[in-house]
Amino acid sequence: MIKGRIAGTGSTTPKRILTNKDLENIVDTSDEWITRRTGIKERRISSSGQDENTSDLATKASLKALEMAGISPEDLDMIVVGTVTPDRQFPSAACLVQKALKASKAVAFDVSAGCSGFLYALFVADNAIATGNSRKALVIGAERLSSITNWEDRSTCVLLGDGAGAVVLTPTTGPDGILSTHLQSDGNFWNLLYSYDEASKIPEILDTIEGKPFSLRMEGNRLFKKAVVCLSNIAAAALEHHGVSSTDIRLMIPHQANIRIIKAVAKKLCIPMDKVYTNIQRYGNTSSATIPIALDEANREGLLRAGDYVLLVTFGAGLTWGASVVNWSS
Ligand code: COA
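Draft legend 1. Summary view of the packing of helix H7 (residues 220–241) against helix H8 (residues 259–269). Following both chains from N to C, one finds H7 and H8 inclined at 35 degrees, their axes separated by 9 Å at the closest point. Our pair here, H7 against H8, has a crossing hand that is right-handed. Counted together, Phe224, Ala227, Val228, Leu231, Ser232, Ala235 and Ala236 of H7 and Arg260, Ile261, Ala264, Val265, Lys268 and Leu269 of H8 form the full contact between these two elements.

Draft legend 2. Structural view of the site of the ligand. Near the ligand you find 24 residues, and of these Thr29, Arg37, Arg154, Asn221 and Asn258 are the closest. At a separation of 2.7 Å, a nitrogen atom of the ligand approaches a polar side-chain atom of Thr29. A distance of 3.4 Å is found between a nitrogen atom of the ligand and a side-chain nitrogen or oxygen belonging to Trp33. Taken by itself the ligand offers 960 Å² of open surface, and the protein chains cover 73% of this. Taken together, the elements giving at least two residues each to the shell around the ligand come down to helix H2 (31–38), helix H6 (154–157), H7, H8 and strand S12 (309–316). Sort the elements by how many residues they give to the shell around the ligand and H7 lands first, with four residues.

Draft legend 3. How the structure looks around the pattern of salt bridges. Under the criterion given, the structure shown has 10 salt bridges. Here Arg5 makes a salt bridge to Asp176, at a shortest N to O gap of 3.2 Å. Here Arg5 is found in strand S1 (residues 3–12), whereas its partner Asp176 is found in the loop between strand S7 (162–172) and strand S8 (177–185), with 171 residues between them in sequence. For the pair shown, Arg5 and Asp176 are each scored as buried. The salt bridge involving Glu52 is made with Lys15; its shortest N-O contact spans 3.7 Å. With Glu52 in the loop between strand S3 (42–45) and helix H3 (54–69) and Lys15 in the loop between S1 and strand S2 (16–19), this pair connects stretches of sequence that are 37 residues apart. When its relative accessible area of 4% is taken as the criterion, Glu52 is described as buried. When its relative accessible area of 59% is taken as the criterion, Lys15 is described as exposed.

Here is what the cut-offs are and how they apply
Residues numbered from 1 in each chain as written. Predicted model: local features only at pLDDT ≥ 70, side-chain atom pairs only at ≥ 80, totals over all residues. Heavy atoms only, no water. Axes fitted to C-alpha atoms, helices over the stretch in contact; angles between N-to-C directions. Helix = DSSP H or I, 4+ residues; strand = E, 2+ residues; numbered from the N terminus. Left-handed = near helix turned anticlockwise from the far one by under 90°. Contact = heavy atoms within 4.5 Å. Near = heavy atom within 4 Å. Polar contact = N/O pair within 3.5 Å; in protein donor to acceptor, adjacent residues only side chain to side chain. Areas by Shrake-Rupley, 256 points an atom, 1.4 Å probe, with all protein chains shown as cover. Salt bridge = Lys/Arg side-chain N within 4 Å of Asp/Glu carboxyl O. Buried < 20%, exposed > 50% of the residue type's maximum accessible area, 1.4 Å probe, protein only.

Here's what the structure looks like:
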């Protein structure tokens, strides 16, 4: 049976750091509240004119992933980007990445699945590989949430950041690779996290941000409870499907929305926190980009060895959620 294997990872974040202290000058909040309630200390914010739009970040992350995989962009046959903040409504961010990489043979398109965009994109590309429709696929999670953040809403603006991560998938018939991706959606709860047609007023000290004509609205408290249940249930189902126990997991890489959500899910799955990768402290919630950025950092830190079981688990607007079990490739 053919399945996709992760042959390379890459990630990038914008240069500008926005700390909790900086946010104290923008909304009525404190470093103490943000740290205690979310685990976030700082996040990265794209600046206009700095090649830090969604497709720019996606391209930079992709080049690193391609270099690690030893694959040239011309050999790619598929580029899938999970994002809710493409540079423009259309064309897709994926087509802009294709142009920047000169990946002329690749079919390129975006997937919209809220913060779960990366796992949904991975599902599509992995299936294309399994059916022989793709042999070298680039899967990206990339966001510029700063462009849709409501900078007057303290309950959301402290959570979000910008960044991108990418993986290169190639086929394998060995024991390694993406064992499966379980996905679920429930549109009945769309109104817990959605975009509304009103631009945010950008504060003076953030005047390098390029805002979009819509912003993000969230019912954090209800979402928090849904997230814990959905994440733990789908992760447990994915593990059970493969007969993998939580003690077999080398590393869980969860969507980074709130450290309290991550800890609650880890506890429910009986996975100790030293087997859970977190970087929410540095980047906040970068939506589709959280998992591929964390995966790349863990990979480059040498935390993953051939044969290790890695659990990717995500949750986002839609609602959408999912889990992937990966047998790490050498
Ligand atoms: N600084 C200080 N106080 C804040 C604040 C901030 N940045 N944001 C909210 N508060 C206040 C609220 O106004 C409220 O005050 P009140 O009790 O006087 O009304 C109080 O803190 C508690 O608010 P609440 O919303 O109940 O806090 P919480 O513990 O649920 O934490 C979130 C808020 C947003 C951090 C949390 O709900 C969360 O992370 N939700 C899920 C996020 C998520 O998963 N998002 C996306 C999925 S991809």
